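Fold and geometry: a report
Residue strings, one per chain:
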Amino acid sequence: MSDIPVLLSAEGLSTDCAKPEKGRKVPLFKMDVELALERLRSFAALSSTQLADTEAKITIARGDLRLAVTNVGGRLMVAESKAADSNPQEKTPEEIISWLMSVEASDSASKRGKTSSGDGGVLASFGGEGKKIALIVALLIGTLIMGWINFGPKSAPTGMQFVDHPVRVAGLNQEFGGRYGDLTDPSQVVFIVEDDKLRMHLITPTGMEPEPIRVMSYRYGNTGLSEVLVAENGAILERDETGNLVHVGTIYPKIRR
C-alpha cells in the first residue's frame, strides 16, 4: 500500500499522534497511507486517562470521504464529517484505512468495467496504479473476514466448559498449534496459533502480510462434542477431522511445511 496518499490532521495530539497535547492542532497534510495507519494505531493505544480533557481527534480523508476519529476508552469511534446524520462506529485502524480505500477501489472498478478487454486476467490488465488497487481490494476482503475477531461476542457461549488441566492444555497446544489459511486466496486470512496467542494476518496477491493485523489471547473449551479454541472475545475456532481450522463454516487449511 506504499505511495498511496491520504490527508490527515489532529487536535489535542502530538504530530505522531502518540502523545496527548492539549490545545495543539496539527494541520491537514498529505502522507502515505501506511504512515497514516501508524498514526491511527498510536492514537488507539492511548488510554482515556491520558486523553482526559484533551478533546483529541484525528481527521483523515481521501477523495470525497472525510472521517472524524475519536478515542473512547481505547476504542476508535469514527463518523463521516460531511454527513450530519452519521452515527459513530467502532473501527480498528485497519478498518478505517479500508473504509478510505474502498472509495477509490469502487471507483476504479467501475472505470475498469468500461475499459478492460477482459481477456488477460485481473492483475495482468493492471498498470502500476491498478496493482495498488488490487492490494486495496484484498485488504477490504480481509477486513470483512476479520470482522468477527473485532466485533464478535465478548464472552463464550453458555454451557462452554473451559479446559484448565495443564497436561490436556499441552496436548491441545500440540493439536491446534500451527498456521492455517490458503495463501493463494486473498479472500481468506492466515491464523497462527502459538505461544498462547492467536495471530491473524491478511493475504495479498503477493502472499501473507508479515505483520499481524490482530493478536489475541485464547483458551481451550469443551462444547460437550469437541474441544475448541476460544478467542478472547468469545469467537470459536474448531478443528475438522483432517486438522484444518473451521470458523462459522469457513475452512482454513493447515499450512504444512
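Just so you know, these numbers come straight off a predicted model, no measurement behind them.

Comments concerning the overall build of the protein chain
- Counting secondary structure elements, the protein chain contains five helices and 16 strands.
- Sequence-distant contacts in the protein chain: of pairs separated by 6 or more residues, those separated by 24 or more amount to 54%.
- Total accessible area computed for the protein chain in this model is approximately 13,600 Å², and 51% of it derives from carbon and sulfur atoms.

Points about the sheet that holds strand β6 (residues 89-90)
- If you trace the six strands from one edge of the open sheet to the other, you get β2-β1-β3-β4-β5-β6, paired in antiparallel fashion. Of all strands in the sheet, those with a lone pairing partner are β2 (20-32) and β6, marking the two edges.
- Direction of pairing for strand β5 (residues 75-80) relative to β6: antiparallel, over a ladder of two bridges. By the bridge assignment for β6, Val78 is matched with Gln89.
- Of the strands in this sheet, β1 (5-13), β2, β3 (57-62), β4 (65-72) and β5 touch helix α1 (residues 33-44), which is tilted by about 160 degrees from β2.

Section: the pattern of salt bridges
- Applying the stated criterion across every chain yields a total of seven salt bridges.
- Linking Glu21 and Arg24 is a salt bridge whose minimum nitrogen-to-oxygen distance equals 3.6 Å.
- Take Arg24: its relative accessible area is 36%, and that puts it in the partly exposed class.
- Here Glu90 makes a salt bridge to Arg75, at a shortest N to O gap of 3.2 Å. With Glu90 in strand β6 and Arg75 in strand β5, this pair connects stretches of sequence that are 15 residues apart.
- Overall, the relative accessible area of 27% leaves Glu90 in the partly exposed class.
- Using a relative accessible area of 40% as the deciding quantity, one classes Arg75 as partly exposed.
- Shared partners join several salt bridges into a network, and the residues in it are Arg168, Glu175 and Glu227.

Structural notes on unusual backbone geometry
- Although it is not a glycine, Cys17 adopts a positive phi angle of roughly 65 degrees.
- By secondary structure assignment, the location of Cys17 is in the loop between β1 and β2.
- With a phi angle near 65 degrees, Asp53 is a residue other than glycine that sits in the positive phi range.
- Here Asp53 lies in the loop between α1 and β3.

The rules behind each value
Residues numbered from 1 in each chain as written. Predicted model: local features only at pLDDT ≥ 70, side-chain atom pairs only at ≥ 80, totals over all residues. Heavy atoms only, no water. Helix = DSSP H or I, 4+ residues; strand = E, 2+ residues; numbered from the N terminus. Contact = heavy atoms within 4.5 Å. Areas by Shrake-Rupley, 256 points an atom, 1.4 Å probe, with all protein chains shown as cover. Pairing = 2+ DSSP bridges. Axes fitted to C-alpha atoms, helices over the stretch in contact; angles between N-to-C directions. Salt bridge = Lys/Arg side-chain N within 4 Å of Asp/Glu carboxyl O. Buried < 20%, exposed > 50% of the residue type's maximum accessible area, 1.4 Å probe, protein only.

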